[in-house]
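Read off the chains here:
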Amino acid sequence: MRKTQLRNSLLLLLAAVIWGVAFVAQSVGMEYVGPFTFNAVRSLLGGIVLIPCIFLLGKLNGEKKTKLLPEDKMERKTLLTGGVLCGLFLCAASNMQQFGILYTTVGKAGFITACYIVLVPILGIFLGKKTGIGIWFSVILAVIGLYLLCMTDSFSFGKGDLFVLGCAVLFAGHILVIDHFTVLVDGVRMSCIQFLVSGMISSVFMFIFENPAWAAIWQAKLPILYAGILSCGVAYTLQIVGQKDMNPTVASLILSLESCISVLAGWMLLNQKLSARELIGCAVMFGAILIAQMPEKKQK
């Protein structure tokens, strides 16, 4: 069991690394296309990429005839329900985040978004999910680290911050929905469905509120390819597979390292300088994750 949790933690960490680096792709992509267009294309691309993966994994698992949807009616219904719900949460959260970034600073957006690490255990209480004292301590420590890392300007609340706060609530819901369905259905299939649902809904809003042009999408091809194939197709699938048998609060803590990775990626790829405050914030965040991984003593 401990080996499984370690493996799942590493999968979630890899997802956080991909998302952290993807911030550069999101920023560059938004210079050419609107939020709905960017999310529509990358989500559909992520779903399409996973279709051949489903058949490949089926062959590796020895299946004689692999199908996109299971033949059993109850299993198929559960898979579709989980995939559609994940897709709805993902679509709403990602689009609110994109709009929020237009009206607020990157640091504030990163801090408020990552506050889902507090919302997950709070919402989990209403769903009967128990969280130990050690993990609550890790959550508080992580919030302090995030504040040091992201909040370099004075804290004020505006329209963009409200969008990002709504995004944080939706991402917390997304994590809890995955926690419920990941033990019931195949993770790769559910991930594929969530992207197709998110992409189709974003496409509707894209044609209503934006004027998508193929030339602009082509100019943003590299950011969209990274966001679609790696950020969507790979990272979100790693999240679904990695969250299996994991405490959702611990999972959210590991995923919140995305903020640290984005700062480090800016330092490594864009030659952005790291202040002492940001380095301390990263260290506190990593410390919080390590504390959350420590096994709690069982009560007699």
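The following paragraphs examine the structure supplied in this document. Everything quoted here is computed from the prediction, not taken from an experiment.

### Thoughts on the nonpolar core
Within soluble globular proteins, side chains that are nonpolar tend to cluster in buried spots. Core analysis: the biggest nonpolar cluster contains 41 residues, and Tyr-116, Phe-171 and Leu-255 have the highest contact counts within it. In terms of residue count, the dominant contributor to this core is helix α7 (residues 159-181) (six residues). Setting aside chain neighbours within four positions, we find Tyr-116 in contact with Ala-168, Phe-171, Ala-172, Ile-175, Ser-252, Leu-255, Ser-256 and Glu-258.

### What about the side chain of Asn-39?
Note on placement: Asn-39 falls in helix α2 (residues 35-60). Within the structure, Asn-39 has its side chain in polar contact with the side chain of Arg-42 (distance 3.2 Å). Filtering out sequence-adjacent residues up to four positions away, Asn-39 remains in contact with Ser-94, Asn-95, Gln-98 and Ser-202.

### A look at the packing of aromatic side chains
One pass over the full model with this rule turns up eight aromatic pairs. Note on Phe-195 and Tyr-236: the rings are 5.7 Å apart at their centroids and 75° apart in plane angle, and the pair reads as edge-to-face. Note that Phe-195 is positioned in helix α8 (residues 187-209) and Tyr-236 in helix α10 (residues 221-242), a separation of 41 residues in sequence. The class for Phe-195 is buried, based on a relative accessible area of 0%. On the basis of relative accessibility, which here comes to 7%, the residue Tyr-236 falls in the buried class. Members of the aromatic cluster, joined through ring pairs, are Phe-36, Phe-99, Phe-163, Phe-205 and Phe-209.

Analysis parameters
Residues numbered from 1 in each chain as written. Predicted model: local features only at pLDDT ≥ 70, side-chain atom pairs only at ≥ 80, totals over all residues. Heavy atoms only, no water. Core = buried A, V, L, I, M, F, W, Y, C linked by side-chain atoms within 4.5 Å. Buried < 20%, exposed > 50% of the residue type's maximum accessible area, 1.4 Å probe, protein only. Helix = DSSP H or I, 4+ residues; strand = E, 2+ residues; numbered from the N terminus. Contact = heavy atoms within 4.5 Å. Polar contact = N/O pair within 3.5 Å; in protein donor to acceptor, adjacent residues only side chain to side chain. Phe/Tyr/Trp six-rings, centres within 6.5 Å; stacked < 30°, edge-to-face > 60°.

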